[in-house]
Amino acid sequence: MKLGIVGLPNVGKSTLFNAITASAAESANYPFCTIDPNVGVVTVPDSRLDFLAEMYSPKKYTPAVIEFVDIAGLVRGASKGEGLGNKFLSNIRGTDALVHVVRCFDSEDVIHVEGGADPRRDVEIINLELILSDIEMIERRADKARRAAKTGDKKLAREAETLERLLERLNSGLPARGFDGSEEDIEIISASELLTLKPVVYAANMDERGFTEGPENNEYFRRVEEIARAEGAGVLPICAKTEQEISLLDEEERGLFLEELGAAESGLNRLIITSYALLGLISYLTAGADEVRAWTIKRGTRAPRAAGKIHSDFERGFIRAEVVAFEDLKECRTMAAARERGLIRSEGKDYIMRDGDIVNFRFNV
């Protein structure tokens, strides 16, 4: 999974990126200090995998990973090349979802390119630039489909009609997300790497005081929450500065710091959970003396397709999946005990994988 961190300049994107990846991306009080995107890969915390590692003492421990891309701040006119906008927009196209950082605090010390914090305006600026970029792409594709449909090809005529409806939506200032169409229509529009089709998590970046006092008491956060609710997007209250401080602590100090803040877990963990839910992702696990590993799949994936994540031969020659739920194994402590209690199931090709399934695939090619 690749997440692109976007937003206006100086809203806390690079600070959040530094906190997430514990890297050293430059964070400065002026626009465009990030030109080439910073990329960081982080492991997905999973206590289930830790439990399996204790059980098997494997040679290899492989958690799921997320790639974060810190994309330089967008400004008004980005879709027309302002502020190196075209380059920045192209960096967004390769991501699976966007983490849109919105500034939710006032400060005379940190320059705001629009003069001051206003979450609704800031979100609208970014969304408009993404929409304008999509309009340009869809106009070209719709024109091509219209001309090609003159041959009488019904499939191309359907494509042209669908793209025209999408253009109407984009021209009214609405993103491609939420486009009302059939499965075939969605497939048509998904063929283009539309920026506004990508799922979004709004990261409402508050200062330390605002975060400590509680997001529900922050007017700026409430505005972001309203925007997210209207779009069906995710929303996450966060203090990027505090998260960066947490990232520099060792594990024990980190736990104490979070306890003092009254936070159950770090912003990174909350961001991962929110992103997984938004993208409809789950993890299944494989375990043994050689390796314990988490595999990320879409919710609703059937067993053969999930097996194909490991190797195409597993999917092609799929026979069955031997499955035990993590909670059952944890209670039994050993696979042998789980088997004795009849908790290891034999599932066929129609089995839909569940989050936390521990699986051994049987195949023959």
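A brief report on the enclosed structure follows. (Residues numbered from 1 in each chain as written. Predicted model: local features only at pLDDT ≥ 70, side-chain atom pairs only at ≥ 80, totals over all residues. Heavy atoms only, no water.)

Along its length, the chain carries 15 helices and 12 strands. Counting over 365 residues, the chain shows a buried share of 48%. For the chain, restricting intrachain contacts to residue pairs at least 6 apart in sequence, the fraction spanning at least 24 positions comes to 67%. As displayed, the chain offers around 18,200 Å² of accessible surface, 48% of which is attributable to carbon and sulfur atoms. (Helix = DSSP H or I, 4+ residues; strand = E, 2+ residues; numbered from the N terminus. Buried < 20%, exposed > 50% of the residue type's maximum accessible area, 1.4 Å probe, protein only. Contact = heavy atoms within 4.5 Å. Areas by Shrake-Rupley, 256 points an atom, 1.4 Å probe, with all protein chains shown as cover.)

Right, let's talk about helix H10 (residues 251–261) for a bit. Backbone nitrogen of Glu253 and a side-chain oxygen of the N-cap are separated by 2.8 Å at the start of H10; the cap is Asp250. Taken from the residues just after H10, Gly262 is the one with a positive phi, measuring 75 degrees. (Polar contact = N/O pair within 3.5 Å; in protein donor to acceptor, adjacent residues only side chain to side chain.)

Further remarks concern the environment of Ile246. Looking at the element boundaries, Ile246 is found in helix H9 (residues 240–247). Sequence spacing of Ile246 and Ile20 is 226 residues, and the spatial spacing of their C-alpha atoms is 9.8 Å. Not counting chain neighbours up to four residues away, the residues in contact with Ile246 comprise Arg254, Phe257, Leu258 and Leu261.

This part takes up the packing of aromatic side chains. Tallying each qualifying case throughout the model produces five aromatic pairs. Geometrically, the ring pair formed by Tyr284 and Phe361 is edge-to-face, given 5.8 Å between the ring centres and 90 degrees between the ring planes. With a gap of 77 residues between them, Tyr284 in strand S8 (residues 281–286) and Phe361 in strand S12 (residues 357–363) connect regions that are remote in the sequence. Overall, the relative accessible area of 0% leaves Tyr284 in the buried class. On the accessibility criterion, Phe361 (7% relative accessible area) is buried. One aromatic cluster is present, formed by Tyr284, Trp295, Phe318 and Phe361 through successive ring pairs. Above the ring of Phe105, the side-chain terminus of Arg103 is found at 4.7 Å from the ring centroid. A cation over an aromatic ring shows up here: Arg293 above the ring of Trp295, its NZ or CZ 4.0 Å from the ring centre. (Phe/Tyr/Trp six-rings, centres within 6.5 Å; stacked < 30°, edge-to-face > 60°. Lys NZ or Arg CZ within 6 Å of the ring centre and 35° of its normal.)

By size, the foremost hydrophobic cluster in this structure holds 65 residues, and its most contacted members are Leu16, Ile20, Ile66, Phe68 and Tyr202. Sequence-distant contacts of Tyr202, defined by excluding residues within four places in its chain, comprise His100, Val102, Val123, Asn127, Val224, Ile227, Ala228, Glu231, Ala233, Gly234, Val235 and Leu236. Core analysis: the second largest hydrophobic core is formed by 15 residues, Trp295, Ala303, Phe314 and Ala321 among them. (Core = buried A, V, L, I, M, F, W, Y, C linked by side-chain atoms within 4.5 Å.)

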